[in-house]
Amino acid sequence: MAKKSDYFGLGYVVSLILAIIPFTSWICGAVTRFMEGKIVAGLIRLVFGFTIIWVLDLVFMIMKKKICRLLNV
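In short, a report on the structure. (Residues numbered from 1 in each chain as written. Predicted model: local features only at pLDDT ≥ 70, side-chain atom pairs only at ≥ 80, totals over all residues. Heavy atoms only, no water.)

1. Quick look at helix α4 (residues 52-64)
- Taking 1.5 Å as the rise per residue, α4 with 13 residues should run 18 Å; its terminal C-alpha atoms sit 17 Å apart, in good agreement.
- Within α4, the full set of buried residues consists of I53, D57, L58 and M61. The arc enclosing the buried residues of α4, seen along the axis, measures out at 145 degrees, which places them on a common side. Exposed positions of α4 whose direction lies more than 90 degrees from the buried face are I52, I62, M63 and K64.
- Close packing links the buried residues of α4 with α1 (12-20), α2 (22-35) and α3 (39-48).
- K65 sits one or two positions beyond α4 and adopts a positive phi of about 60 degrees. (Helix = DSSP H or I, 4+ residues; strand = E, 2+ residues; numbered from the N terminus. Expected span 1.5 Å × (residues − 1). Buried < 20%, exposed > 50% of the residue type's maximum accessible area, 1.4 Å probe, protein only. Arc of directions from axis to C-beta. Contact = heavy atoms within 4.5 Å.)

2. Digging into α2
- If you check α2, its first and last C-alpha atoms are 20 Å apart, about what 14 residues at 1.5 Å a residue would give, namely 20 Å.
- Where α2 is concerned, the buried positions are S25, W26, C28, G29, A30, T32 and R33.
- Positive backbone phi, approximately 85 degrees, marks G37, located one or two places after α2.

3. A few points about the packing of α1 against α2
- For the pair α1 and α2, the least separation of the axes is 5 Å and the interaxial angle reads 110 degrees. As far as their axial angle goes, α2 and α1 are roughly perpendicular. Note on element contacts: α2 touches α1 through P22, T24, S25 and C28, opposite L18, A19 and I20.
- Split into classes, the residues belonging to the contact of α1 with α2 amount to five nonpolar, two polar and no charged. (Axes fitted to C-alpha atoms, helices over the stretch in contact; angles between N-to-C directions. Parallel < 35°, antiparallel > 145°, perpendicular 65-115°, else oblique. Nonpolar A, V, L, I, M, F, W, Y, C, P; charged D, E, K, R; others polar.)

4. Thoughts on empty space enclosed by the protein
- The final tally for this structure, using the stated rule, is one cavity of 30 Å³ or more.
- In terms of lining, the largest cavity is formed by S25, W26, A30, R45, G49, I53, W54 and D57.
- Elements with a minimum of two residues in the lining of the largest cavity: α2 and α4.
- Per-class residue counts for the lining of the largest cavity are four nonpolar, two polar and two charged. (1 Å grid on protein atoms, 1.4 Å probe; cavity = no way out; pocket = protein on both sides within 12 Å on 5 of 7 lines; lining within 4 Å. Points joined across faces, edges and corners; volume = space filled by probe spheres on them.)

5. Section: the environment of I44
- Tracing the sequence through the fold places I44 in helix α3.
- With 26 residues separating them along the chain, I44 and L70 place their C-alpha atoms 9.9 Å apart.
- Ignoring anything within four residues of it in the chain, the contact list for I44 reads G49, I53 and L71.

Below is the structure:
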């Protein structure tokens, strides 16, 4: 069985593909944070999702198989 990854419990390969595409990474990252109940973190992802957070998500997804969590509020 494939190990679940960060975006909606999808597999690692699917989540990595979604993280590579900037628009889907932006939307999926924000929705994931809102689903976790982290409203401020979700709003920050909506505002800054196309900048450094996208690059950090790529690095974290490749290395840790989870998206970047800078703020747990």
